[in-house]
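# Structural features, examined
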Amino acid sequence: MIKIRNLRKVYGDIPALCGLTMEIGSCELFGFVGPNGAGKTTTMKIIAGLLRADSGEILIDGERVTVHAKKLKGEIGYVPDFFGVYDNLKVQEYMEFYASLYGMSGRETRKRTEELLGMLNMTEWREEMVDSLSRGMKQKLCVARALVNNPKLLVLDEPASGMEPKYRRQLKELLQQLCAEGKTILISSHNLQELSEMCTNIGVIDKGRLLMQGNVQEILQEQTISNPYVLQYIRFPEEAMALLKSHALVKNIAIRENSLSFPFTGTREEAAALLSGLVAAGAEISSFFREEGSLEKLFLEVTT
Amino acid sequence: MRHINPVYKRELKQTARMKKTLVMLLVYNLLLACFGLLVFYLMFDRDGRISNRVEYSGILTLYTVMSILEFGMVLLIVPAVTAGAVAGEREKQTLDLLLSTKVSPLQIVIGKLAASISMVILLAVSSLPVLAIVFSIGGITLFDMANFLIFIIVTAIYIGSFGIFFSVCCKRVTVATVCSYSTMIVLVILLPILLYAVEFAEVFRKIGYTSFTALSRCISGKRALLLLFNPPVSFISVIKNQAGRGGNVMASIGSEGGVFYFLSKHWDIVSLLCQLLVAIVLIGISAHKLNPLAKSRKRA
Ligand SMILES: Nc1ncnc2c1ncn2[C@@H]1O[C@H](COP(=O)(O)OP(=O)(O)OP(=O)(O)O)[C@@H](O)[C@H]1O
Ligand SMILES: [Mg+2]
């Protein structure tokens, strides 16, 4: 769906993008992460046709954004990181205004507006003035607005920052639903826990370059396997320790107060067998688990 | 309704809801009405009592002064309204949202300009009842009024296009406002003063002294063509055709002969066309500058 090739952008003397190359497939919910100033917002603006790259190109469905800007803008919904709303305009009118910018007819607009406000549980606000809404409500409204033209591609720049947990959950579910309906979504966020829960794919960038990208499930699984098992105990007799040390799949046992941790290369069944062996040897174990892989850990690893 | 520029439609809706609009309408019409009543009083009541004679040409003065008020209003309001048009969206961070949609930069620019001009037309039209005083006596026809309205609209487009241009170029509303008022002052006041100064200097060089008689000579030669871009001279030429006032300027331009004679006869139309041309060029440049994907001629 989106092919980014060797994208470069310099603001004055500050390089924002230094040859970013990245690919986002159709129907992916793509999480875009990176430290502050990595170039996420810049990339998204270029995709949305709001900024011209110095060199390199972006193809959306094989069409260059700089050449087919007008057509592509009709197929993209964009939520910027910072945005404002107009004074003296009601929520309903706000939606209708943006719909009219896409050349939608009156009836079509009303139907779509109603649908979207319903989808985001905002129907009861339709008569409110947009500038009187709170920040989180405005952000929700902006997401609804970005959907007004029924875009194939959604570009969301930190849409959930400033939203309360309930809205964040709603947004997450909405995005997953939209993705299942066949939309491609590119979302940047600093909340990695949330991204790992909803995204299908992820790309990490820093200093204007792609560090890694891939399927979230695969990445997490890979990480999980390399994570050590942690064992917390109430009593751990010598016999159990001897058993553990002599186990072929266990190496480098780290001993802490009331807990042990050790890398384990075996399968889940082998882990279960080891656990019952330890219990049989008289250990009283309160928990035994392998740390789940987390994007946060990955993020910290790749960006340093 | 569907094909009306959406940016324009939204602006109108917002303007209609602003208290500022109402206050402006009230103040402006109150001023006009008070002034009209004053002239009426002077003409019929006082003059009638003092001399038993009513000078009906006073009504032309009334019309002229009301036109000046309307013209002055355009010069004062339009730079402020248009300067905020795009820079205001940029400051409020709504511009990116606008540009991310299918609407073209040209549509945005035109919608904004049209909205600003509608404000002026609204004021002009709202003052029609007051201006009707003039009709009650005669001397000015509806055709004249329509002419004048066209002149006001073209002036608003002309001055407004500078405002829009600065609004697109400047990041901040204040900077854009300062720039558009400065330009307005240069075009309206400084340009004729400068031309006069050059004229004076020339006369002084030729004959060694200068006097106030030189003032009446007005600006000569090709330089006078620059006045085509000066709204007050256009105003004078329009009013001259209607109320017979302000003939001097036209006559002295016409005295150059040739093209200038033709110009002095059709100054109003020619100057309005010239100003429209400038406006169209400025609107084009503004739209280009507003387009984020336009190639900018920056150093590589
Ligand atoms: N308008 C601008 N003028 C100058 N430099 C800019 C501008 N916008 C961004 N930059 C610079 O470009 C780089 C990338 O910025 P960008 O906003 O794309 O980062 P980001 O990944 O979105 O960061 P964040 O996570 O903080 O939102 C930064 O070094 C920033 O300082
Ligand atoms: Mg950002």
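Further up the page is the structure itself.
Residues numbered from 1 in each chain as written. Chains lettered and ligands numbered in written order. Predicted model: local features only at pLDDT ≥ 70, side-chain atom pairs only at ≥ 80, totals over all residues. Heavy atoms only, no water.

### Topic: the overall build of chain A
Of the regular secondary structure elements, chain A holds 11 helices and 14 strands. The C-alpha atoms of chain A give a radius of gyration of 25 Å, which is well past the 19 Å a tight globule of 304 residues would have. Dimensions of chain A, computed from C-alpha atoms along their principal axes, come out at roughly 80 × 45 × 30 Å. Taking all 304 residues of chain A together, the buried fraction comes to 52%. (Helix = DSSP H or I, 4+ residues; strand = E, 2+ residues; numbered from the N terminus. Rg over C-alpha atoms; globule rule 2.2 N^0.38 Å. Buried < 20%, exposed > 50% of the residue type's maximum accessible area, 1.4 Å probe, protein only.)

### Some thoughts on unusual backbone geometry
The phi torsion at Lys207(A) lies on the positive side, around 50°, for a residue other than glycine. One non-glycine residue, Gln93(B), adopts positive backbone phi at about 60°. Residue Gln93(B) is classed as partly exposed on the basis of its relative accessible area of 38%.

### Some remarks on the site of ligand 1
Residue and element names in this part refer to chain A. As a matter of local geometry, ligand 1 sits amid 13 residues, with Asn36, Gly37, Lys40, Thr41 and Thr42 nearest to it. When residues of the shell around ligand 1 are traced back to their parent elements, those giving at least two are strand 2 (14-24) and helix 1 (40-47). By residue number, the principal contributor to the shell around ligand 1 is helix 1, which donates three residues. A per-class count over the shell around ligand 1 returns five nonpolar, six polar and two charged. (Near = heavy atom within 4 Å. Nonpolar A, V, L, I, M, F, W, Y, C, P; charged D, E, K, R; others polar.)

### Points about the sheet that holds strand 5 (residues 63-64) of chain A
Residue and element names in this part refer to chain A. Spatial ordering of the open sheet is given by 2-1-4-5, a layout of four strands whose pairing is antiparallel. At either end of the open sheet lies a strand with only one pairing partner, and these are strand 2 and strand 5. Examined bridge by bridge, strand 1 (residues 2-11) and strand 4 (residues 55-60) share five bridges and lie antiparallel to one another. Paired with Ile2 across the bridge in strand 4 is Ile60. Those strands touched by helix 1 are strand 1, strand 2 and strand 4, and its axis lies near 115° from that of strand 1. (Pairing = 2+ DSSP bridges. Contact = heavy atoms within 4.5 Å. Axes fitted to C-alpha atoms, helices over the stretch in contact; angles between N-to-C directions.)

### Considerations on the pattern of salt bridges
The final tally for this structure, using the stated rule, is 21 salt bridges over all chains. With a shortest N-O distance of 2.5 Å, Glu11(B) and Lys112(B) are connected by a salt bridge. Residue Glu11(B) is located in helix 1 (residues 6-17), and its partner Lys112(B) is located in helix 5 (residues 105-126); the two are separated by 101 residues in the primary sequence. On the basis of relative accessibility, which here comes to 3%, the residue Lys112(B) falls in the buried class. The shortest N-O distance in the salt bridge between Lys112(B) and Glu89(B) comes to 2.8 Å. Of this pair, Lys112(B) sits in helix 5 while Glu89(B) sits in helix 3 (residues 58-91); the two residues are 23 residues apart in sequence, bridging distant segments of the chain. An identical accessibility class is assigned to Lys112(B) and Glu89(B); each is buried. Connected through shared salt-bridge partners, Asp61(A), Glu63(A), Lys71(A), Glu75(A) and Lys152(A) make up one network. (Salt bridge = Lys/Arg side-chain N within 4 Å of Asp/Glu carboxyl O.)

### Considerations on the side chain of Thr224(A)
Residue and element names in this part refer to chain A. By the secondary structure assignment, Thr224 is in helix 8 (residues 216-226). On the basis of relative accessible area, Thr224 is assigned to the buried category, the value being 17%. A distance of 2.6 Å separates the side chain of Thr224 from the backbone oxygen of Leu220, its partner in a polar contact. Filtering out sequence-adjacent residues up to four positions away, Thr224 remains in contact with Arg290, Glu291, Glu292 and Gly293. (Polar contact = N/O pair within 3.5 Å; in protein donor to acceptor, adjacent residues only side chain to side chain.)

### With respect to the pairing of strand 3 (residues 29-33) of chain A
Residue and element names in this part refer to chain A. The buried fraction of strand 3 amounts to five of the five residues, a majority that puts the element mostly inside the structure. Burial along strand 3 is two-sided: Leu29, Gly31 and Val33 facing one way and Phe30 and Phe32 facing the other are all buried. Across four bridges, the pairing between strand 3 and strand 8 (residues 184-188) is parallel. Of the residues in strand 8, the one forming a bridge with Phe32 is Ser188.

### A short note on the environment of Leu25(B)
Residue and element names in this part refer to chain B. Within the secondary structure, Leu25 is located in helix 2 (residues 19-51). Taking the C-alpha atoms as reference, Leu25 lies 18 Å from Leu37; in sequence the two are 12 residues apart. If sequence neighbours within four positions are ignored, Leu25 has contacts with Leu122, Leu123 and Ser126.

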